[in-house]
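Descriptive analysis of the structure
Chain by chain, the residues:
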Amino acid sequence: PSPVPAEELSKMSFEEIKQYFMSYVSDNSIHNSRESLAYTFYLLVRKNIEKYSPFATFLIEPAINFAYTYHFLLAIREAIPTKSVQLTEEILSLCEYVAAQNDLYVASSGTHEHGLLAAQREVAHLLESALNTNNSYFSREQLDRIRNILIILVRNPDPKPEGESETGFDPFTRSFNC
């Protein structure tokens, strides 16, 4: 269970949620983990995507753990096929922020917590989902931004080139497929 119930979290302002995410320290128990709080936030976003979509800008903060960002992006991606959400300026800015991060060893509270790499993969999945919709609402500027994000993600150092021989893929293909 989450350290904060969904109902209580839903009553907080965006700024209060941001401050809580920045200050929350897990006691490393499975019952009060950061991941369970992030999952509760995911359920909240998914339930009311229109309300929480603008929260993307609040996640552009180095002090916020990527577990929250991952779950937020997952909720957005899942809403795209139903056309209940579009890639807004705020969401694209969050995607750019996540893609640009390069400290792959950002502290996490445990091995079962989604970190930077998971958030970067979710950015790729979100963009894929958005581009595969039959809704052609993208402006030229948005398409350029999406292309630039994908280029950054393809250049990600994980997987490392030495792992290429294990799969038979070149680093570009493997990076794009992972």
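Quantities reported herein were computed from a predicted structural model and do not represent experimental measurements. (Residues numbered from 1 in each chain as written. Predicted model: local features only at pLDDT ≥ 70, side-chain atom pairs only at ≥ 80, totals over all residues. Heavy atoms only, no water.)

**Remarks on the overall build of the protein chain**
For the protein chain, the helix and strand inventory stands at 10 helices and zero strands. What you see in the protein chain, going N to C, is helices and strands ordered as α-α-α-α-α-α-α-α-α-α. Counting only carbon and sulfur atoms, one obtains 53% of the accessible surface of the protein chain, whose full area is about 9600 Å². (Helix = DSSP H or I, 4+ residues; strand = E, 2+ residues; numbered from the N terminus. Areas by Shrake-Rupley, 256 points an atom, 1.4 Å probe, with all protein chains shown as cover.)

**Brief notes about the nonpolar core**
Nonpolar side chains tend to gather and get buried jointly when the protein is soluble and globular. In terms of nonpolar packing, the biggest core is built from 52 residues, with F21, F41, F72, L87, L126 and L127 touching the most fellow members. Counting residues per element, the ones that place at least two in this core are α2 (14–23), α3 (34–47), α4 (49–52), α5 (66–79), α6 (89–100), α7 (116–131) and α8 (140–154). Looking at which element gives the most residues to this core, the answer is α5, with 10 residues. In contact with L87, other than residues within four places in its own chain, are I80, L92, L126, L127, A130, Y137, F138, Q142 and I146. (Core = buried A, V, L, I, M, F, W, Y, C linked by side-chain atoms within 4.5 Å. Buried < 20%, exposed > 50% of the residue type's maximum accessible area, 1.4 Å probe, protein only. Contact = heavy atoms within 4.5 Å.)

**Considerations on α8**
Between its first and last C-alpha, α8 extends 21 Å over 15 residues, near the 21 Å set by a 1.5 Å rise per residue. Of the positions making up α8, those classed as buried are Q142, R145, I146, I149, L150, L153 and V154. (Expected span 1.5 Å × (residues − 1).)

**A few points about the pattern of salt bridges**
Evaluation of the coordinates by the stated rule reveals eight salt bridges. Close ionic contact of D144 with R140 constitutes a salt bridge, the shortest N to O distance being 3.1 Å. Of this pair, D144 and R140 both sit in helix α8, four residues apart, roughly one helical turn. The partner of D144 in a salt bridge is R147, and the shortest N-O contact between them spans 3.2 Å. Pair noted here: D144 and R147 are both in helix α8, with a separation of three residues, about one helical turn. A relative accessible area of 24% places D144 in the partly exposed class. The network of salt bridges with shared partners includes E89, E96 and R145. (Salt bridge = Lys/Arg side-chain N within 4 Å of Asp/Glu carboxyl O.)

**Brief notes about the confidence of the model for the protein chain**
Per-residue pLDDT for the protein chain averages 83, and the proportion of residues at 70 or more is 78%. Across the protein chain, element-level confidence peaks in α6 with a mean pLDDT of 96 and bottoms out in helix α9 (residues 164–167) with 52. (pLDDT = per-residue confidence, 0-100.)

**Examining α3**
For α3, which comprises 14 residues, the first-to-last C-alpha distance of 20 Å matches the rise-based estimate of 20 Å (1.5 Å per residue) to within 8%. Taken across its 14 residues, α3 has 10 buried, putting it largely inside the fold. Looking at α3, one finds that the buried residues are R34, E35, S36, L37, A38, T40, F41, Y42, L44 and V45.

**Some remarks on the environment of R121**
Tracing the backbone shows R121 in helix α7. Taking C-alpha positions, R121 is 9.7 Å from V98, a pair spaced 23 residues apart along the chain.

**So, the packing of α3 against α5**
The contact between α3 and α5 brings their axes to 8 Å, and the two run at 25°. Comparing their axes, α5 and α3 come out roughly parallel. α3 and α5 meet at a crossing whose hand is right-handed. Listed contacts from α5 to R34, E35, L37, A38, Y39, F41, Y42, V45 and R46 of α3 are A67, Y68, H71, F72, L74, A75 and E78. Class assignment for the residues of the contact of α3 with α5 results in 11 nonpolar, one polar and four charged. (Axes fitted to C-alpha atoms, helices over the stretch in contact; angles between N-to-C directions. Parallel < 35°, antiparallel > 145°, perpendicular 65-115°, else oblique. Left-handed = near helix turned anticlockwise from the far one by under 90°. Nonpolar A, V, L, I, M, F, W, Y, C, P; charged D, E, K, R; others polar.)

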